[in-house]
Amino acid sequence: MSAGAGGLHDTFARPVALRPWRLPVVTGPFAGVALLFVALSFQMVTFSGHLAEAEAGAGPALKAYHGLFGCFGLLVLARGRLVRWRPEMIAYFVVVGITALVASFAFGPKALLANTVFAAYAATIGATVGRMAGPTTALRALRWISVLVLLAVLAKAVLFLPEIIRFLAAPNGHPTLPTFFGGGPNLESIGSRLFIPYMAATAGLSVAYASRVGLIVVALVVAASVGRSLLGAEQVSPVRRWLLPAAIVLLSALGVFAARGVEGADYIAQRFQSVGEDPGSTSRLTLWTGGVRVFALHPLGVGLGNAVPLIERAIGASVTEDNLHNQYLQHLVETGVQGLAAYLLLVGLAMRRLVASRLRDPMLLYVGIYFLLAMLQFRGAEALLWFVYGLQHGTVTSLEDPHAA
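Residues numbered from 1 in each chain as written. Predicted model: local features only at pLDDT ≥ 70, side-chain atom pairs only at ≥ 80, totals over all residues. Heavy atoms only, no water.

*Asks:* Please explain the overall build of the chain as it appears in this structure.
*Replies:* For the chain, the count of helices and strands is 14 helices and zero strands. Mapped in sequence order, the helices and strands of the chain form the string α-α-α-α-α-α-α-α-α-α-α-α-α-α. Among the 405 residues that make up the chain, the fraction classed as buried is 51%. Restricting to contacts in the chain with at least 6 residues of sequence separation, those with at least 24 account for 78%. (Helix = DSSP H or I, 4+ residues; strand = E, 2+ residues; numbered from the N terminus. Buried < 20%, exposed > 50% of the residue type's maximum accessible area, 1.4 Å probe, protein only. Contact = heavy atoms within 4.5 Å.)

*Asks:* Help me understand the packing of helix α3 (residues 87–107) against helix α12 (residues 327–356) in this model?
*Replies:* When two helices pack together, their arrangement is given by the angle between the helix axes and by the axis-to-axis distance. With their axes 9 Å apart at the nearest point, α3 and α12 run at an angle of 170 degrees to one another. On the basis of their axis angle, the class for α3 and α12 is roughly antiparallel. Contacts from Glu88, Met89, Ala91, Tyr92, Val95, Val96 and Thr99 of α3 reach α12 at His331, Glu334, Thr335, Gln338, Gly339, Ala342, Tyr343, Leu345, Leu346, Leu349 and Arg353. (Axes fitted to C-alpha atoms, helices over the stretch in contact; angles between N-to-C directions. Parallel < 35°, antiparallel > 145°, perpendicular 65-115°, else oblique.)

*Asks:* What's the story with the side chain of threonine 99 in this structure? I'm lost.
*Replies:* Considering the arrangement of structural elements, one finds threonine 99 in helix α3. Given the relative accessible area of 10%, threonine 99 is considered buried.

*Asks:* Explanation requested: the packing of aromatic side chains in the structure shown.
*Replies:* Both the distance between ring centres and the angle between the ring planes are used here to describe each pair of aromatic rings. Evaluated as defined, the whole model comprises 15 aromatic pairs. Summarising the aromatic geometry, the rings of phenylalanine 69 and phenylalanine 387 are spaced 6.1 Å apart at their centres and angled 80 degrees between planes, so their arrangement reads as edge-to-face. Within this pair, whereas phenylalanine 69 is found in helix α2 (residues 64–79), its partner phenylalanine 387 is found in helix α14 (residues 383–400), the two being separated by 318 residues in sequence. By relative accessible area, which is 0% here, phenylalanine 69 ends up buried. Of the residues examined, phenylalanine 387 reaches a relative accessible area of 0% and is grouped as buried. On the numbers, 5.8 Å between centres and 50 degrees between planes, the contact of phenylalanine 118 with tyrosine 121 is tilted. Separated by three residues within a single helix, phenylalanine 118 and tyrosine 121 lie in helix α4 (residues 111–159), roughly one turn from each other. (Phe/Tyr/Trp six-rings, centres within 6.5 Å; stacked < 30°, edge-to-face > 60°.)

*Asks:* Quick question: what am I supposed to make of helix α11 (residues 307–315) here?
*Replies:* Each full turn of the α-helix corresponds to 3.6 residues, which orients residues three or four apart in the same direction. Taken as a whole, α11 has its buried residues at Ala307, Val308, Leu310 and Ile311. In a view along the axis of α11, the buried residues occupy a sector of 160 degrees, so they form one face of it. Looking at the residues trailing α11, positive phi occurs at glycine 316, about 70 degrees. (Arc of directions from axis to C-beta.)

*Asks:* Which parts of the structure should I look at to understand the side chain of glutamate 88?
*Replies:* In this structure, glutamate 88 sits in helix α3. For glutamate 88, the side chain forms a polar contact with the side chain of tyrosine 389, separated by 2.7 Å. Excluding anything up to four places from it in sequence, glutamate 88 contacts Leu345, Leu346, Leu349, Arg353 and Tyr389. (Polar contact = N/O pair within 3.5 Å; in protein donor to acceptor, adjacent residues only side chain to side chain.)

*Asks:* So what exactly am I meant to see when it comes to the packing of α12 against helix α13 (residues 362–373) here?
*Replies:* Running from amino to carboxyl end, α12 crosses α13 at an angle of 145 degrees, the nearest separation of the two axes being 10 Å. Considering how the two elements wind past one another, α12 and α13 form a crossing that is left-handed. Only Leu364, Leu365, Val367, Gly368, Tyr370, Phe371 and Leu372 of α13 make contact with α12, whose side of the interface consists of Gln327, Tyr328, Tyr343, Leu346, Val347, Ala350, Met351, Arg353 and Leu354. For the contact of α12 with α13, the class distribution of residues is 13 nonpolar, two polar and one charged. (Left-handed = near helix turned anticlockwise from the far one by under 90°. Nonpolar A, V, L, I, M, F, W, Y, C, P; charged D, E, K, R; others polar.)

*Asks:* Please clarify how the nonpolar core should be interpreted in this entry.
*Replies:* Note that soluble globular proteins tend to have their nonpolar side chains buried in a common cluster. By size, the foremost hydrophobic cluster in this structure holds 78 residues, and its most contacted members are Phe69, Tyr343, Phe371, Trp386 and Phe387. In terms of residues, this core owes the most to one element, α4, which gives 17 residues. (Core = buried A, V, L, I, M, F, W, Y, C linked by side-chain atoms within 4.5 Å.)

*Asks:* I'm lost on the pattern of salt bridges in this one. Help?
*Replies:* It is possible for side chains of opposite charge to pair when their charged atoms get near one another. What the rule picks out here adds up to one salt bridge. Across the pair arginine 353 and glutamate 88 runs a salt bridge whose closest N-O atoms are separated by 2.7 Å. Here arginine 353 is found in helix α12, whereas its partner glutamate 88 is found in helix α3, with 265 residues between them in sequence. What makes arginine 353 partly exposed here is its relative accessible area of 27%. (Salt bridge = Lys/Arg side-chain N within 4 Å of Asp/Glu carboxyl O.)

*Asks:* In this structure, what is going on with empty space enclosed by the protein? I would like to understand it.
*Replies:* As enumerated under the stated definition, the model contains four cavities of 30 Å³ or more in all. In this structure, the largest cavity occupies an estimated 110 Å³ of space. Lining the largest cavity are 15 residues, with Tyr92, Leu304, His331, Gly380 and Ala381 sitting closest to its centre. Secondary structure elements with two or more residues in the lining of the largest cavity: α3, α4 and α12. Ranked by residue count, the leading element in the lining of the largest cavity is α12, at four residues. Class assignment for the residues of the lining of the largest cavity results in eight nonpolar, five polar and two charged. (1 Å grid on protein atoms, 1.4 Å probe; cavity = no way out; pocket = protein on both sides within 12 Å on 5 of 7 lines; lining within 4 Å. Points joined across faces, edges and corners; volume = space filled by probe spheres on them.)

*Asks:* How should I be thinking about unusual backbone geometry in this particular structure?
*Replies:* The phi torsion of most residues other than glycine is negative, and most of the peptide bonds are trans. Of note, the phi angle at histidine 325 is positive, near 55 degrees, even though the residue is not glycine. Backbone geometry places alanine 381, a non-glycine residue, at a positive phi of 55 degrees. Among the structural elements, alanine 381 can be located in the loop between α13 and α14.

So far we have only geometry, and geometry alone does not tell us how the molecule works.
Dropping the structure here:
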(Lines give C-alpha, C1' and ligand atoms only; values in the text may rest on other atoms or scores of the structure.)
Protein backbone atom coordinates (compact mmCIF):
# COMPACT_ATOMS: atom_id res chain seq x y z
CA MET A 1 0.00 0.00 0.00
CA SER A 2 1.33 3.40 -0.93
CA ALA A 3 2.18 5.95 1.74
CA GLY A 4 -1.09 7.74 1.13
CA ALA A 5 -4.44 8.11 2.79
CA GLY A 6 -5.85 4.97 1.22
CA GLY A 7 -7.28 2.49 3.67
CA LEU A 8 -10.23 1.54 5.76
CA HIS A 9 -10.22 3.48 9.01
CA ASP A 10 -13.52 4.16 10.64
CA THR A 11 -16.15 2.68 8.41
CA PHE A 12 -18.04 2.41 11.66
CA ALA A 13 -21.70 3.31 11.22
CA ARG A 14 -24.14 4.19 13.93
CA PRO A 15 -26.70 1.48 14.79
CA VAL A 16 -30.22 2.49 15.64
CA ALA A 17 -30.67 3.95 19.15
CA LEU A 18 -26.92 4.18 19.70
CA ARG A 19 -25.17 7.45 20.50
CA PRO A 20 -21.55 6.50 19.92
CA TRP A 21 -20.17 10.05 20.09
CA ARG A 22 -21.16 10.77 23.65
CA LEU A 23 -18.23 10.75 26.06
CA PRO A 24 -17.36 7.12 26.67
CA VAL A 25 -17.43 5.35 29.99
CA VAL A 26 -13.93 3.87 30.14
CA THR A 27 -14.60 0.34 31.31
CA GLY A 28 -12.12 -2.52 31.06
CA PRO A 29 -13.60 -3.89 27.79
CA PHE A 30 -13.70 -0.38 26.26
CA ALA A 31 -10.06 0.20 27.19
CA GLY A 32 -9.10 -3.22 25.83
CA VAL A 33 -10.64 -2.65 22.40
CA ALA A 34 -9.32 0.92 22.26
CA LEU A 35 -5.74 0.01 23.22
CA LEU A 36 -5.52 -2.90 20.80
CA PHE A 37 -7.03 -0.92 17.93
CA VAL A 38 -4.81 2.10 18.48
CA ALA A 39 -1.75 -0.15 18.73
CA LEU A 40 -2.52 -1.73 15.36
CA SER A 41 -3.31 1.68 13.84
CA PHE A 42 0.15 2.94 14.89
CA GLN A 43 1.93 -0.32 14.21
CA MET A 44 5.08 1.30 12.83
CA VAL A 45 5.82 2.75 16.28
CA THR A 46 8.63 0.89 18.03
CA PHE A 47 9.29 0.51 21.75
CA SER A 48 11.74 3.40 21.45
CA GLY A 49 8.91 5.67 20.32
CA HIS A 50 10.29 6.11 16.80
CA LEU A 51 8.74 5.05 13.52
CA ALA A 52 10.28 1.86 12.16
CA GLU A 53 10.65 3.44 8.72
CA ALA A 54 13.04 5.97 10.26
CA GLU A 55 15.25 3.14 11.46
CA ALA A 56 16.17 1.70 8.09
CA GLY A 57 19.13 -0.60 8.19
CA ALA A 58 18.67 -1.36 11.87
CA GLY A 59 17.06 -4.73 11.09
CA PRO A 60 13.59 -5.90 12.15
CA ALA A 61 12.25 -3.67 14.88
CA LEU A 62 10.18 -4.86 17.82
CA LYS A 63 6.99 -2.84 17.66
CA ALA A 64 4.92 -1.54 20.53
CA TYR A 65 1.85 -3.47 19.40
CA HIS A 66 3.76 -6.75 19.68
CA GLY A 67 4.22 -6.19 23.40
CA LEU A 68 0.64 -5.04 23.95
CA PHE A 69 -0.85 -8.04 22.15
CA GLY A 70 1.49 -10.31 24.08
CA CYS A 71 0.18 -8.92 27.38
CA PHE A 72 -3.42 -9.34 26.29
CA GLY A 73 -2.63 -12.90 25.26
CA LEU A 74 -1.52 -13.65 28.82
CA LEU A 75 -4.74 -12.13 30.14
CA VAL A 76 -6.79 -14.26 27.74
CA LEU A 77 -4.95 -17.38 28.85
CA ALA A 78 -5.55 -16.46 32.49
CA ARG A 79 -9.22 -15.89 31.77
CA GLY A 80 -9.40 -19.24 30.00
CA ARG A 81 -12.33 -18.45 27.69
CA LEU A 82 -11.48 -18.32 24.01
CA VAL A 83 -14.12 -17.65 21.37
CA ARG A 84 -14.39 -20.39 18.77
CA TRP A 85 -13.48 -19.27 15.27
CA ARG A 86 -15.99 -19.16 12.46
CA PRO A 87 -15.76 -22.18 10.11
CA GLU A 88 -14.39 -20.11 7.23
CA MET A 89 -11.63 -18.75 9.48
CA ILE A 90 -10.65 -22.27 10.46
CA ALA A 91 -10.66 -23.39 6.83
CA TYR A 92 -8.60 -20.39 5.74
CA PHE A 93 -5.82 -20.64 8.31
CA VAL A 94 -5.62 -24.44 8.12
CA VAL A 95 -5.37 -24.52 4.32
CA VAL A 96 -3.04 -21.51 4.04
CA GLY A 97 -0.93 -22.64 6.99
CA ILE A 98 -0.39 -26.19 5.74
CA THR A 99 0.35 -24.97 2.21
CA ALA A 100 2.82 -22.37 3.48
CA LEU A 101 4.64 -24.86 5.69
CA VAL A 102 4.98 -27.46 2.95
CA ALA A 103 6.03 -24.89 0.34
CA SER A 104 8.62 -23.36 2.69
CA PHE A 105 10.69 -26.55 2.45
CA ALA A 106 10.91 -26.19 -1.33
CA PHE A 107 11.00 -22.42 -1.74
CA GLY A 108 12.18 -21.16 1.65
CA PRO A 109 10.31 -19.47 4.52
CA LYS A 110 9.53 -15.76 4.43
CA ALA A 111 8.45 -13.20 7.04
CA LEU A 112 4.88 -13.21 5.70
CA LEU A 113 4.45 -16.65 7.26
CA ALA A 114 5.07 -15.17 10.71
CA ASN A 115 2.75 -12.26 9.86
CA THR A 116 0.00 -14.75 9.04
CA VAL A 117 0.46 -16.51 12.36
CA PHE A 118 0.16 -13.14 14.12
CA ALA A 119 -2.97 -12.33 12.07
CA ALA A 120 -4.59 -15.52 13.39
CA TYR A 121 -3.54 -14.53 16.89
CA ALA A 122 -5.00 -11.02 16.41
CA ALA A 123 -8.30 -12.55 15.29
CA THR A 124 -8.37 -14.69 18.42
CA ILE A 125 -7.65 -11.75 20.71
CA GLY A 126 -10.19 -9.61 18.86
CA ALA A 127 -12.93 -12.24 19.21
CA THR A 128 -12.26 -12.67 22.92
CA VAL A 129 -12.21 -8.92 23.64
CA GLY A 130 -15.30 -8.43 21.45
CA ARG A 131 -17.18 -11.03 23.46
CA MET A 132 -16.29 -9.20 26.66
CA ALA A 133 -17.17 -5.75 25.29
CA GLY A 134 -20.31 -6.34 23.28
CA PRO A 135 -21.22 -4.43 20.10
CA THR A 136 -22.06 -1.06 21.65
CA THR A 137 -18.86 -0.71 23.67
CA ALA A 138 -16.67 -2.15 20.91
CA LEU A 139 -18.10 0.19 18.30
CA ARG A 140 -17.73 3.23 20.51
CA ALA A 141 -14.07 2.37 21.14
CA LEU A 142 -13.38 1.92 17.42
CA ARG A 143 -14.96 5.23 16.55
CA TRP A 144 -13.10 7.26 19.16
CA ILE A 145 -9.78 5.73 18.19
CA SER A 146 -10.52 6.42 14.52
CA VAL A 147 -10.92 10.11 15.33
CA LEU A 148 -7.62 9.97 17.21
CA VAL A 149 -5.92 8.42 14.17
CA LEU A 150 -7.31 11.10 11.86
CA LEU A 151 -6.12 13.89 14.16
CA ALA A 152 -2.67 12.31 14.39
CA VAL A 153 -2.40 12.02 10.60
CA LEU A 154 -3.55 15.60 10.14
CA ALA A 155 -0.98 16.77 12.70
CA LYS A 156 1.73 14.82 10.87
CA ALA A 157 0.66 16.39 7.58
CA VAL A 158 1.09 19.83 9.15
CA LEU A 159 4.56 18.91 10.41
CA PHE A 160 5.56 17.71 6.95
CA LEU A 161 3.75 20.47 5.09
CA PRO A 162 6.98 21.69 3.39
CA GLU A 163 7.47 18.23 1.89
CA ILE A 164 3.86 18.13 0.68
CA ILE A 165 4.22 21.59 -0.86
CA ARG A 166 7.43 20.51 -2.63
CA PHE A 167 5.64 17.43 -3.92
CA LEU A 168 2.63 19.37 -5.21
CA ALA A 169 4.97 21.78 -7.03
CA ALA A 170 6.38 18.88 -9.05
CA PRO A 171 4.20 15.81 -8.34
CA ASN A 172 5.54 12.38 -9.18
CA GLY A 173 4.27 9.25 -7.47
CA HIS A 174 3.68 10.07 -3.81
CA PRO A 175 5.30 12.46 -1.32
CA THR A 176 7.96 10.85 0.86
CA LEU A 177 6.46 10.84 4.34
CA PRO A 178 6.75 8.57 7.36
CA THR A 179 3.57 6.66 8.13
CA PHE A 180 2.04 5.38 11.35
CA PHE A 181 0.61 2.30 9.70
CA GLY A 182 2.59 -0.18 7.63
CA GLY A 183 1.85 0.98 4.10
CA GLY A 184 -0.02 4.16 4.96
CA PRO A 185 -2.60 5.58 7.39
CA ASN A 186 -6.13 4.22 7.25
CA LEU A 187 -8.84 6.84 7.21
CA GLU A 188 -12.58 6.47 6.85
CA SER A 189 -15.84 7.31 8.59
CA ILE A 190 -19.48 6.57 7.90
CA GLY A 191 -22.87 7.16 9.44
CA SER A 192 -21.94 9.60 12.18
CA ARG A 193 -22.30 13.28 12.93
CA LEU A 194 -18.67 13.66 11.87
CA PHE A 195 -19.17 11.82 8.58
CA ILE A 196 -18.97 14.76 6.17
CA PRO A 197 -15.99 16.60 7.75
CA TYR A 198 -14.20 13.26 8.22
CA MET A 199 -14.69 12.36 4.56
CA ALA A 200 -13.63 15.84 3.47
CA ALA A 201 -10.43 15.57 5.51
CA THR A 202 -9.74 12.10 4.11
CA ALA A 203 -10.29 13.23 0.53
CA GLY A 204 -8.01 16.22 1.10
CA LEU A 205 -5.24 13.99 2.44
CA SER A 206 -5.70 11.63 -0.50
CA VAL A 207 -5.15 14.55 -2.89
CA ALA A 208 -2.12 15.76 -0.93
CA TYR A 209 -0.66 12.23 -1.00
CA ALA A 210 -1.71 11.66 -4.64
CA SER A 211 -3.49 8.49 -3.52
CA ARG A 212 -5.98 7.13 -6.02
CA VAL A 213 -6.80 4.28 -3.67
CA GLY A 214 -7.57 6.78 -0.92
CA LEU A 215 -10.19 8.49 -3.08
CA ILE A 216 -11.60 5.13 -4.17
CA VAL A 217 -12.10 4.18 -0.53
CA VAL A 218 -13.79 7.50 0.18
CA ALA A 219 -16.13 6.83 -2.75
CA LEU A 220 -16.89 3.30 -1.51
CA VAL A 221 -17.65 4.49 2.00
CA VAL A 222 -19.84 7.31 0.71
CA ALA A 223 -21.67 4.86 -1.57
CA ALA A 224 -22.23 2.53 1.38
CA SER A 225 -23.62 5.41 3.43
CA VAL A 226 -25.97 6.40 0.61
CA GLY A 227 -26.97 2.76 0.18
CA ARG A 228 -27.76 2.44 3.88
CA SER A 229 -29.90 5.54 3.71
CA LEU A 230 -31.82 4.55 0.59
CA LEU A 231 -32.30 0.95 1.75
CA GLY A 232 -33.88 2.27 4.91
CA ALA A 233 -31.39 0.58 7.22
CA GLU A 234 -32.13 3.36 9.68
CA GLN A 235 -35.72 4.02 10.72
CA VAL A 236 -35.94 7.65 9.64
CA SER A 237 -38.39 9.79 7.70
CA PRO A 238 -38.16 9.91 3.86
CA VAL A 239 -36.88 13.50 4.09
CA ARG A 240 -33.98 12.51 6.36
CA ARG A 241 -33.34 9.42 4.24
CA TRP A 242 -32.66 11.56 1.18
CA LEU A 243 -30.90 14.32 3.10
CA LEU A 244 -27.48 12.62 3.29
CA PRO A 245 -27.34 11.59 -0.41
CA ALA A 246 -28.37 15.10 -1.47
CA ALA A 247 -25.78 16.69 0.83
CA ILE A 248 -23.05 14.39 -0.46
CA VAL A 249 -23.84 15.12 -4.11
CA LEU A 250 -23.89 18.87 -3.46
CA LEU A 251 -20.66 18.89 -1.44
CA SER A 252 -18.92 16.63 -3.97
CA ALA A 253 -19.85 18.98 -6.79
CA LEU A 254 -18.60 21.97 -4.80
CA GLY A 255 -15.40 20.12 -3.95
CA VAL A 256 -14.69 19.25 -7.58
CA PHE A 257 -15.39 22.84 -8.64
CA ALA A 258 -13.15 24.25 -5.90
CA ALA A 259 -10.33 21.82 -6.78
CA ARG A 260 -10.15 22.93 -10.42
CA GLY A 261 -6.73 24.38 -11.05
CA VAL A 262 -5.23 23.04 -7.82
CA GLU A 263 -1.99 21.30 -8.77
CA GLY A 264 -2.43 18.29 -6.51
CA ALA A 265 -6.02 17.77 -7.66
CA ASP A 266 -5.01 18.12 -11.32
CA TYR A 267 -2.22 15.60 -10.82
CA ILE A 268 -4.42 12.98 -9.19
CA ALA A 269 -7.04 13.51 -11.91
CA GLN A 270 -4.33 12.79 -14.48
CA ARG A 271 -3.41 9.65 -12.54
CA PHE A 272 -6.99 8.41 -12.86
CA GLN A 273 -7.03 9.27 -16.56
CA SER A 274 -3.75 7.44 -17.17
CA VAL A 275 -4.74 4.16 -15.51
CA GLY A 276 -3.02 1.40 -17.47
CA GLU A 277 -0.24 3.69 -18.68
CA ASP A 278 1.32 5.31 -15.62
CA PRO A 279 4.15 3.59 -13.67
CA GLY A 280 1.83 2.49 -10.89
CA SER A 281 -0.46 0.69 -13.34
CA THR A 282 2.28 -0.78 -15.51
CA SER A 283 4.11 -2.17 -12.48
CA ARG A 284 0.92 -3.89 -11.38
CA LEU A 285 0.40 -5.36 -14.85
CA THR A 286 3.97 -6.63 -14.82
CA LEU A 287 3.45 -8.26 -11.43
CA TRP A 288 0.14 -9.81 -12.48
CA THR A 289 1.54 -11.18 -15.74
CA GLY A 290 4.51 -12.65 -13.92
CA GLY A 291 2.18 -14.06 -11.24
CA VAL A 292 0.20 -15.96 -13.85
CA ARG A 293 3.44 -17.45 -15.18
CA VAL A 294 4.54 -18.58 -11.73
CA PHE A 295 1.12 -20.12 -11.02
CA ALA A 296 1.27 -22.06 -14.30
CA LEU A 297 4.56 -23.59 -13.12
CA HIS A 298 3.47 -24.19 -9.50
CA PRO A 299 -0.35 -24.52 -9.29
CA LEU A 300 -0.24 -25.73 -5.67
CA GLY A 301 1.56 -22.59 -4.46
CA VAL A 302 5.07 -21.36 -3.78
CA GLY A 303 4.59 -20.35 -0.15
CA LEU A 304 3.76 -17.08 1.56
CA GLY A 305 6.08 -14.24 0.57
CA ASN A 306 7.72 -16.13 -2.30
CA ALA A 307 5.62 -14.76 -5.16
CA VAL A 308 7.69 -11.67 -5.99
CA PRO A 309 11.14 -13.38 -5.98
CA LEU A 310 9.85 -16.09 -8.32
CA ILE A 311 8.14 -13.50 -10.53
CA GLU A 312 11.45 -11.66 -10.87
CA ARG A 313 13.03 -14.93 -11.95
CA ALA A 314 10.19 -15.66 -14.39
CA ILE A 315 10.27 -12.25 -16.11
CA GLY A 316 14.03 -11.76 -15.83
CA ALA A 317 13.78 -8.36 -14.19
CA SER A 318 13.71 -6.88 -10.69
CA VAL A 319 10.62 -5.18 -9.25
CA THR A 320 10.35 -2.66 -6.45
CA GLU A 321 7.23 -4.15 -4.84
CA ASP A 322 7.05 -6.87 -2.19
CA ASN A 323 3.51 -8.00 -3.04
CA LEU A 324 1.26 -8.39 -6.10
CA HIS A 325 -1.20 -5.61 -5.25
CA ASN A 326 -3.96 -8.16 -5.77
CA GLN A 327 -4.73 -10.44 -2.86
CA TYR A 328 -6.74 -12.88 -4.97
CA LEU A 329 -3.90 -13.45 -7.42
CA GLN A 330 -1.39 -13.48 -4.58
CA HIS A 331 -3.31 -16.24 -2.81
CA LEU A 332 -3.45 -18.18 -6.07
CA VAL A 333 0.30 -17.87 -6.63
CA GLU A 334 1.47 -18.36 -3.04
CA THR A 335 -1.10 -20.82 -1.68
CA GLY A 336 -2.33 -22.44 -4.88
CA VAL A 337 -5.85 -23.21 -6.02
CA GLN A 338 -6.69 -24.57 -2.58
CA GLY A 339 -5.59 -21.36 -0.86
CA LEU A 340 -7.58 -19.19 -3.26
CA ALA A 341 -10.65 -21.38 -2.67
CA ALA A 342 -10.31 -20.90 1.11
CA TYR A 343 -9.87 -17.15 0.62
CA LEU A 344 -12.93 -16.91 -1.65
CA LEU A 345 -14.96 -18.82 0.95
CA LEU A 346 -13.89 -16.30 3.58
CA VAL A 347 -14.71 -13.34 1.33
CA GLY A 348 -18.03 -14.80 0.17
CA LEU A 349 -19.36 -15.47 3.66
CA ALA A 350 -18.23 -12.07 4.95
CA MET A 351 -19.95 -10.33 2.04
CA ARG A 352 -23.07 -12.43 2.55
CA ARG A 353 -23.27 -11.32 6.17
CA LEU A 354 -22.73 -7.71 5.13
CA VAL A 355 -25.56 -7.84 2.58
CA ALA A 356 -27.82 -9.61 5.09
CA SER A 357 -27.20 -6.72 7.52
CA ARG A 358 -28.26 -4.27 4.76
CA LEU A 359 -24.87 -2.56 5.12
CA ARG A 360 -25.77 -1.86 8.73
CA ASP A 361 -22.93 -3.68 10.48
CA PRO A 362 -19.95 -1.26 10.53
CA MET A 363 -17.31 -3.88 11.28
CA LEU A 364 -18.51 -6.10 8.44
CA LEU A 365 -18.53 -3.02 6.22
CA TYR A 366 -14.90 -2.41 7.18
CA VAL A 367 -14.04 -5.98 6.21
CA GLY A 368 -16.11 -5.84 3.02
CA ILE A 369 -14.39 -2.69 1.76
CA TYR A 370 -11.03 -4.29 2.49
CA PHE A 371 -11.95 -7.29 0.33
CA LEU A 372 -12.98 -4.98 -2.53
CA LEU A 373 -9.75 -2.99 -2.30
CA ALA A 374 -7.80 -6.25 -2.07
CA MET A 375 -8.11 -6.48 -5.85
CA LEU A 376 -5.71 -3.53 -6.09
CA GLN A 377 -3.89 -3.21 -2.79
CA PHE A 378 -2.50 -4.68 0.45
CA ARG A 379 0.34 -7.09 1.13
CA GLY A 380 -1.73 -9.72 2.93
CA ALA A 381 -1.95 -10.92 6.54
CA GLU A 382 -3.08 -7.48 7.77
CA ALA A 383 -3.50 -7.92 11.52
CA LEU A 384 -5.81 -4.89 11.65
CA LEU A 385 -8.30 -6.60 9.33
CA TRP A 386 -8.25 -9.85 11.26
CA PHE A 387 -8.59 -8.08 14.59
CA VAL A 388 -11.74 -6.27 13.40
CA TYR A 389 -13.17 -9.45 11.84
CA GLY A 390 -12.54 -11.35 15.06
CA LEU A 391 -13.93 -8.46 17.10
CA GLN A 392 -17.15 -8.49 15.08
CA HIS A 393 -17.52 -12.23 15.61
CA GLY A 394 -16.93 -11.80 19.32
CA THR A 395 -19.60 -9.11 19.63
CA VAL A 396 -22.09 -11.46 17.91
CA THR A 397 -21.35 -14.21 20.39
CA SER A 398 -21.80 -11.74 23.25
CA LEU A 399 -25.35 -11.10 22.06
CA GLU A 400 -26.01 -14.82 21.94
CA ASP A 401 -24.69 -15.17 25.50
CA PRO A 402 -25.56 -12.13 27.66
CA HIS A 403 -23.30 -13.47 30.43
CA ALA A 404 -20.25 -13.72 28.14
CA ALA A 405 -18.38 -10.88 29.84
